[in-house]
Amino acid sequence: MRDLYIQNSLSKKKEKFTPIEEGYVGMYVCGPTVYSDVHLGNVRTFVSFDVMYRFLLFLGYKVRYVRNITDVGHLLDNGEDRVSKRATLEKLEPMEIVQKYSNSFHTMMDVFNTKKPSIEPRATQHIIEQIEMVQQIMDNGYAYAKNGSVYFDTIKFHTEKKSYGHLSGRVIEDLLTETRDDLKNQSEKKHPSDFAIWMKAAPEHIMKWNSPWSVGFPGWHLECSVMSTKYLGDKFDIHGGGNDLKFPHHENEVAQNVGACNCDPANYWLHTNMLLMNGRKMSKSDGNTISPEELFSGESPHVSKGYTPMAVKFFMLQSHYSSTLDLTDGGMQASEKGYRRLMMALTTLKSLETTSDDGALDNEILSLLDEMIGHMCDDFNTPKAIASAFELVSKINSMKDSHININGLSKDALSKLKTILPQFVYDILGLQNDMDNADNDVLSGVMDLIIELRQDARTNKNWDTSDKIRDGLAKNKITIKDGKDGTSWSVS
Ligand code: AMP
Ligand code: ZN
């Protein structure tokens, strides 16, 4: 199996990936909070982890991929539960909200052709296990109950374990002044950085359960500690999420797991970066947002036209998961062209044949294929891998254009190219050909006609017209080449 290197947020280093059990990978990714439709930022994060999952499978690992559904405990700054608030607004049961937005999340994940996780646990289905973990943490002395709520004792934990803040790089003293969690219960905490792992519910609160401390509900951070270790064991390989979750969510997860069973849960922490739009954070409150549906239909002031889901996905994969990605109409247009070019080259590739035993081109092609997979092994570097794929696309187009019957490429090398390039595009990146076939047929028909008209012009020595056609096509990124077998064209 090829070596894989991962940028580990825990060590802040790029490290060789060594799974706990050879050949197997346990991966947990924080899933969506299902109180509204997913936005494109969420999609970027889940697409990034989907590609990692697919690549691990490609390398030959057996992967257990757990991605949860958060359906309780993820509070707004004012202490309201997101799901409950939405239920009140939409006059629906909280579980109807959960079902409704889980369904729309799944639909969107299908639209982007992501694989389903191996297990998709919901927080409300694990209340008993969460109560058990609260008890364990209390038994170990790292949590205390106050007025029916239970708080994690960050100071005691940090004093004894010296590890609070390790993942996020926060210094506990800095945390004295900031805490985003349940502000209204500040006075019950021994220290502002302590956080609730069980919360007593106010009488009007809808989603609540019995517990030894109160009728209440679990803290958001606790659910991921519980569901990851329940399905992957106390220690597992990879934990992922957007980098906005590093603190406090992931930091607190680590503290809870260490507090409960003295076990740092994941060996590798991976964090995806944020999606921006026109250089600013995508945010609903200031209108700097676009939904996937608006991007598909083009019905948004932010774009000049609609883009297919695969063009959007291709756009996302052209940047590394750990870099911010700025969504702009210009960027989308360029990506759409690139995506079309890639899809057309894959169609061309299918029709290439060779009878050659001369392998002069073999090395170049095989090393590009190797380089492409090598980039994926280097912290899932999709932009660099795609760049290698485009070098192969150029080769494919020139083989087609020059009608060389691909002299210089052996059968074996052509067969590798025909296997690995589509594998990379379809299996690893999870792209599909969603170019409108009707559009393609129309384009092919129009091009046949244009080439015929140009041929007539040339036969009549009407060079002005023939050049005008060639130059006009070039302006539209269509290159035509005259060979001994006729004229061919390709989109550049
Ligand atoms: P949420 O539903 O808010 O819990 O978020 C689900 C996932 O999407 C988390 O891993 C977040 O970190 C991630 N996420 C949220 N906003 C963005 C964004 N603008 N860009 C990329 N990922 C995001
Ligand atoms: Zn989580």
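For clarity, every value in this text was computed on a predicted model and none was experimentally measured. (Residues numbered from 1 in each chain as written. Chains lettered and ligands numbered in written order. Predicted model: local features only at pLDDT ≥ 70, side-chain atom pairs only at ≥ 80, totals over all residues. Heavy atoms only, no water.)

**With respect to the overall build of the protein**
Inference 1: A count of helical and extended segments in the protein gives 16 helices and 15 strands.
Inference 2: For the protein, contacts bridging at least 24 residues in sequence account for 73% of all contacts bridging at least 6.
Inference 3: For the protein, the exposed surface amounts to about 21700 Å²; the carbon and sulfur share of it is 50%.
Inference 4: The protein carries 56 positive and 67 negative side-chain charges, and their two centres are separated by 2 Å. (Helix = DSSP H or I, 4+ residues; strand = E, 2+ residues; numbered from the N terminus. Contact = heavy atoms within 4.5 Å. Areas by Shrake-Rupley, 256 points an atom, 1.4 Å probe, with all protein chains shown as cover. Lys, Arg positive; Asp, Glu negative; His and termini not counted. Charge placed at Lys NZ, Arg CZ, Asp CG, Glu CD.)

**Some words on unusual backbone geometry**
Inference 1: A cis amide bond links Phe-247 to the next residue, Pro-248, at an omega of 0°.
Inference 2: Here Pro-248 lies in helix 8 (residues 246-261).
Inference 3: Not every positive phi belongs to a glycine, and Lys-91 is a case in point at roughly 55°.
Inference 4: The residue Lys-91 is located in the loop between helix 2 (82-90) and helix 3 (94-111) in this model.
Inference 5: Phi is positive for Lys-461, close to 55°, though the residue is something other than glycine.
Inference 6: On the secondary structure map, Lys-461 appears in the loop between helix 15 (437-459) and helix 16 (463-475).

**Describing the pairing of strand 2 (residues 13-16)**
Inference 1: Here four bridges tie strand 1 (residues 5-8) to strand 2, and the two strands are oriented antiparallel to one another. Residue Asn-8 lies in a different strand from strand 2, and its bridge partner there is Lys-13.
Inference 2: The loop that links strand 1 with its antiparallel partner strand 2 comprises four residues; one of these, Lys-12, has a positive phi angle of about 60°. (Pairing = 2+ DSSP bridges.)

**Some details on the coordination of the zinc ion (ligand 2)**
Inference 1: Around the zinc ion (ligand 2), the protein contributes the donor atoms Cys-30 (SG), Cys-224 (SG) and His-249 (NE2), at 2.0 to 2.2 Å from the metal centre.
Inference 2: As a motif over one chain, the donors of the zinc ion (ligand 2) read C-x193-C-x24-H. Of this pair, Cys-224 sits in helix 7 (residues 220-232) while His-249 sits in helix 8, placing them 25 residues apart in sequence. For the pair Cys-224 and His-249, a shared accessibility class is recorded, and that class is buried. (Donors = N, O, S within 2.8 Å, 3.2 Å for Na, K, Ca; no water. Buried < 20%, exposed > 50% of the residue type's maximum accessible area, 1.4 Å probe, protein only.)

**Description of the site of ligand 1**
Inference 1: Near ligand 1 you find 16 residues, and of these Thr-33, Asn-42, Thr-45, Asp-244 and Leu-275 are the closest.
Inference 2: At a separation of 3.0 Å, an oxygen atom of ligand 1 approaches a polar side-chain atom of Asn-42.
Inference 3: Thr-45 is positioned such that a nitrogen or oxygen atom in its side chain is 2.7 Å from a nitrogen atom of ligand 1.
Inference 4: About the coverage of ligand 1: the protein hides 92% of its 490 Å² of free accessible area.
Inference 5: Of all the elements, helix 1 (residues 40-59) adds the most residues to the shell around ligand 1, at four residues.
Inference 6: Residues that form the shell around ligand 1 fall into these classes: five nonpolar, ten polar and one charged. (Near = heavy atom within 4 Å. Polar contact = N/O pair within 3.5 Å; in protein donor to acceptor, adjacent residues only side chain to side chain. Nonpolar A, V, L, I, M, F, W, Y, C, P; charged D, E, K, R; others polar.)

**Focus on helix 4 (residues 127-139)**
Inference 1: Over its 13 residues, helix 4 runs 18 Å from end to end, which matches the ideal 18 Å to within 8%, given 1.5 Å per residue.
Inference 2: Within helix 4, the full set of buried residues consists of Ile-127, Gln-130, Ile-131, Met-133, Val-134, Ile-137 and Met-138. Along the long axis of helix 4, the arc covered by the buried residues comes to 160°, so they all point the same way. Looking at helix 4, the residues exposed on the side facing more than 90 degrees away from the buried face are Ile-128 and Asp-139.
Inference 3: Each element contacted by the buried residues of helix 4 is listed here: strand 5 (143-146), strand 6 (149-152), strand 7 (195-200), strand 8 (216-218), helix 7 and helix 8.
Inference 4: The first or second residue beyond helix 4 is Gly-141, which carries a positive phi of 85°. (Expected span 1.5 Å × (residues − 1). Arc of directions from axis to C-beta.)

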